Amino acid sequence: MKISYYPGCTLKTKAKNLDIAAVASLEALGVEVEEIERWNCCGAVHSLTADDLIHQVAPVRNLIRAKEMGADKLVTLCSMCYNTLARANEMMKNDPVKRDTINRFMDEEIDYNGDIEVVHYLSFLKEEIGWEKLKSQVKVPLTDLKIGSYYGCTLQRPTEVGIEPLGHFELMNDMFTSLGAEVVEFSAAAKCCGSYQVLSSLPGENNAAAVVINTAAKEGVEALATSCPLCEYNLGKQQQQMQDKGKIEQNVPTYYFTQLLAVALGLDSQLCHFELNDKKSLALLEDKNYLVAA
Amino acid sequence: MTIPISDHSLSLKSIEEINTLSGESVKVCMQCATCTGMCPMAEEMDFSPRKVMHFVQFGLMEKLMDINTYWKCASCHACSVQCPRGIDIAKVMEALRQKVLRKSKNYIEPSQMSKEAIAEMPQIALVAGFRKFTS
């Protein structure tokens, strides 16, 4: 099986630990991952003003790149890229006036009408691999890991692009159950981490992120998993500073779900680039004896 | 809280402008405050999302240009998905930000950010933040 894949800017630099573990895991599961050619930044956030079409050009261009390669689906991973691409796609599918304006503006490109399906990696795992097959491929079960699936905002909101309905976290929960982990449902799984507000707040003083960490810890979550580099930055990399400033009571190691997937599939832990996570993240996995070196 | 309403403070044209920019109709808001209850940033706002919707309904643009609510909004859509009147409140907040930004006024100045912060933050934080906070 071959898939067209859109990584996005952050996954090629500061969130390599999200991307490399994801691609290696799919390859271990027998999927050939083909990165789309000449992709560009998705724009990170969907334009919310009705008259702002110029910021839709970037995500639509990526969808055109996928179409040019003959794809009918485009798999992506970063929650913000997923949201931005999926919303631009909905607009191209459902709004004939905006579609026509954008197609005419990009007259150097082929016309696009929203016929690529934007698929999140988790949905792909469920639909194309299946939890039974995944379970059969697990080499290092994540036994005793009390994991909290953190979706944040952009995987579920707005509802028309949500990877599953509001209040449901089955995709990531079922993946972790298949990997042998103990899933702990917690009440802040879809609460915002503060997102881009990190630009306007002092380091370690992001209250929204502190609420997520404190709620998770209080409700028995030992480690958090996310698919968003901005969530990981706010919840994971800022955690020491939040602790230093007394915003959080205890540390909750934070990972990309793909890192834990790769670990459970028995892939070389070097592929997961844990050096890019908070230091305590690696320590927990070493304590649990999950890591395999090539 | 008392906000005096006069010909000077009330701008009917601005209500239409916000409706056009957001694609929403602010008059359908019934002031139930579900948005405020859902908002993860409400504590940091000087006026809650519900109050801001009320200001917009009355076209109190002068007042609205002077508050931090829409700058503290993280566009998380927690309000929008729960609004019983179906208003995409995140779009109203974006329209208010754009009213300021389109006058070439920035909320944050990228040149004032520390080099360390820029080096450390993921690109999506910077791209998203600059799109929300700068003109």
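Worth saying up front: this structure is predicted, and the values here are computed from it rather than measured.

**Some details on the overall build of chain A**
Then, in step 1: The number of helices and strands found in chain A is 12 helices and eight strands.
Then, in step 2: On C-alpha atoms alone, chain A measures out to a radius of gyration of 19 Å, which is about the 19 Å that the 2.2 N^0.38 rule sets for 294 residues.
Then, in step 3: C-alpha extents for chain A along the principal axes are approximately 55 × 45 × 30 Å.
Then, in step 4: The buried share of chain A, reckoned over its 294 residues, is 53%.

**Quick word on the packing of helix α1 (residues 16-28) of chain A against helix α11 (residues 257-264) of chain A**
Residues and elements named next belong to chain A.
Then, in step 1: α11 packs onto α1 with a crossing angle of 40 degrees between their chain directions and a minimal axis gap of 8 Å. When the axis of α1 is compared with that of α11, the two are oblique. Taken as a pair, α1 and α11 cross one another with a handedness that is left-handed. Note on element contacts: α11 touches α1 through T258, Q259, L261 and A262, opposite N17, L18, A21, A22, A24 and S25.
Then, in step 2: Taken together, the residues of the contact of α1 with α11 sort by class into six nonpolar, four polar and no charged.

**Comments concerning the domain arrangement of chain A**
All names here are of chain A.
Then, in step 1: One can read the domain layout of chain A as domain 1 (2-121) and domain 2 (136-287).
Then, in step 2: Computed from C-alpha coordinates alone, the two centres of domain 1 and domain 2 are separated by 24 Å.
Then, in step 3: Within the residue set of the side of domain 1 that touches domain 2, elements represented by two or more residues are α1 and α3 (79-94).
Then, in step 4: Examining the composition of the side of domain 1 that touches domain 2, we find that nine residues originate from one element, α1, more than from any other.

**A short note on the interface of chain B and chain A**
Then, in step 1: Each partner contributes to the interface: chain B provides 34 residues, whereas chain A provides 34 residues.
Then, in step 2: At the level of elements, α1 (12-22), α5 (69-72), α6 (89-101) and α8 (123-133) of chain B are the ones that each hand at least two residues to the side of chain B that touches chain A.
Then, in step 3: Split into classes, the residues belonging to the side of chain B that touches chain A amount to 18 nonpolar, nine polar and seven charged.

**A word on the domain arrangement of chain B**
Then, in step 1: If you check the domain split of chain B, you get domain 1 (12-103) and domain 2 (107-135).
Then, in step 2: Computed from C-alpha atoms alone, the centre-to-centre distance between domain 1 of chain B and domain 2 of chain B is 23 Å.

**Quick notes on helix α8 (residues 207-218) of chain A**
All names here are of chain A.
Then, in step 1: An ideal rise of 1.5 Å per residue puts 16 Å on 12 residues; α8 measures up with 16 Å between its terminal C-alpha atoms.
Then, in step 2: Those residues of α8 not exposed but buried are A208, A209, A210, V212, I213 and A216.
Then, in step 3: Turning to α8, the residues buried within the fold contact β5 (146-149), β7 (223-226), α9 (229-237) and α10 (239-244).
Then, in step 4: The positive-phi residue at the C-terminal boundary of α8 is G220, with phi of around 90 degrees.

Rules used in this analysis
Residues numbered from 1 in each chain as written. Chains lettered and ligands numbered in written order. Predicted model: local features only at pLDDT ≥ 70, side-chain atom pairs only at ≥ 80, totals over all residues. Helix = DSSP H or I, 4+ residues; strand = E, 2+ residues; numbered from the N terminus. Rg over C-alpha atoms; globule rule 2.2 N^0.38 Å. Buried ≥ 20, exposed ≤ 12 C-beta atoms within 10 Å, placed from the backbone. Axes fitted to C-alpha atoms, helices over the stretch in contact; angles between N-to-C directions. Parallel < 35°, antiparallel > 145°, perpendicular 65-115°, else oblique. Left-handed = near helix turned anticlockwise from the far one by under 90°. Contact = placed C-beta atoms within 7 Å. Nonpolar A, V, L, I, M, F, W, Y, C, P; charged D, E, K, R; others polar. Domains from an automatic or database assignment. Expected span 1.5 Å × (residues − 1).

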